[in-house]
Amino acid sequence: MEETRELSKEISQAVISRLPRYFRYLGELKDEGVTRISSKELSDLMHVTASQIRQDFNQFGGFGQQGYGYNVEFLYDEIGNILGLNKTHHLILVGAGNLGQALVNYMNFKRRGFLFRGIFDKNPALYGKKIRDIEVQPMENMEQFVKENNIDIAVLTIPKTSAVEVAGILSNCGIRGIWNFAHCDLNVPPHIQVENVHLSESLMKLSFLLKNEELE
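Read on for a plain summary of the structure. Keep in mind the model is a prediction, meaning the values are calculated, not measured.

### A closer look at the overall build of the protein chain
Step number 1: Looking only at helices and strands, the protein chain features 9 helices and 9 strands.
Step number 2: Based on the C-alpha atoms only, the size of the protein chain along its principal axes is roughly 60 × 55 × 35 Å.
Step number 3: Here the protein chain holds 216 residues, and 39% of them are scored as buried.
Step number 4: Summarising the internal contacts of the protein chain: among those between residues at least 6 apart in sequence, 57% fall at separations of at least 24.

### Some words on the environment of aspartate 152
Step number 1: The residue aspartate 152 is located in the loop between α7 (142–148) and β7 (153–156) in this model.
Step number 2: A distance of 2.9 Å separates a polar atom in the side chain of aspartate 152 from the backbone nitrogen of histidine 90.

### Some thoughts on the packing of aromatic side chains
Step number 1: Inspection of the entire model under this criterion finds 8 aromatic pairs.
Step number 2: Judged by centre distance (4.8 Å) and plane angle (65 degrees), the rings of tryptophan 179 and phenylalanine 181 are edge-to-face.
Step number 3: By the ring-pair criterion, three or more aromatic residues cluster together here, those being Tyr22, Phe57, Phe63 and Tyr70.

### Notes on the side chain of aspartate 56
Step number 1: Relative to the assigned elements, aspartate 56 resides in helix α3 (residues 50–58).
Step number 2: Note on aspartate 56: relative accessible area 1%, which makes it buried.
Step number 3: The residues contacting aspartate 56, other than those within four sequence positions of it, are Val15, Arg18 and Tyr22.

Rules used throughout
Residues numbered from 1 in each chain as written. Predicted model: local features only at pLDDT ≥ 70, side-chain atom pairs only at ≥ 80, totals over all residues. Heavy atoms only, no water. Helix = DSSP H or I, 4+ residues; strand = E, 2+ residues; numbered from the N terminus. Buried < 20%, exposed > 50% of the residue type's maximum accessible area, 1.4 Å probe, protein only. Contact = heavy atoms within 4.5 Å. Polar contact = N/O pair within 3.5 Å; in protein donor to acceptor, adjacent residues only side chain to side chain. Phe/Tyr/Trp six-rings, centres within 6.5 Å; stacked < 30°, edge-to-face > 60°.

As structure tokens, then:
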């Protein structure tokens, strides 16, 4: 079996942002029993130019053969490895409101190897409540729990006034990544990766697109 490819150069954020989409489409093709696909056929499905697809894959050494195309299952597995989906990630949720509960209940995360291990909130009324068999705990327990349970990702679904303080605590207890839904930018050490999901900004972008469509 081929080993995971080493990245010999810095990959652009644009390419990285397209990898999960490639992975999703290839997974659907694999489930449909498709074994081989050309860059042109993948282009028609994804509305990304065939040239762009080839350029993206060449960033990782290329995966196809001239005149043959791509082996769907092999390409799916390779992109999964590049995305780090060949290992299990242990998560905690900070903020057990409606959004947080919806994320914990989303089963596709578990299928991809993202496992929620702990849930924390500052509301005493939620302590002991179970979300997918995980009990909500007080915030005071979070730091020790992270250290003892090999947690590498924290998911923040809390107000921005609390997010900065919580990120500071997490920075000192071994967290490697933060998935931030709080409406603020976090100042954390460079060894911690932060992915911001600002829902209102995404909705405002959609509003802009609708407005400009009306003006055409």
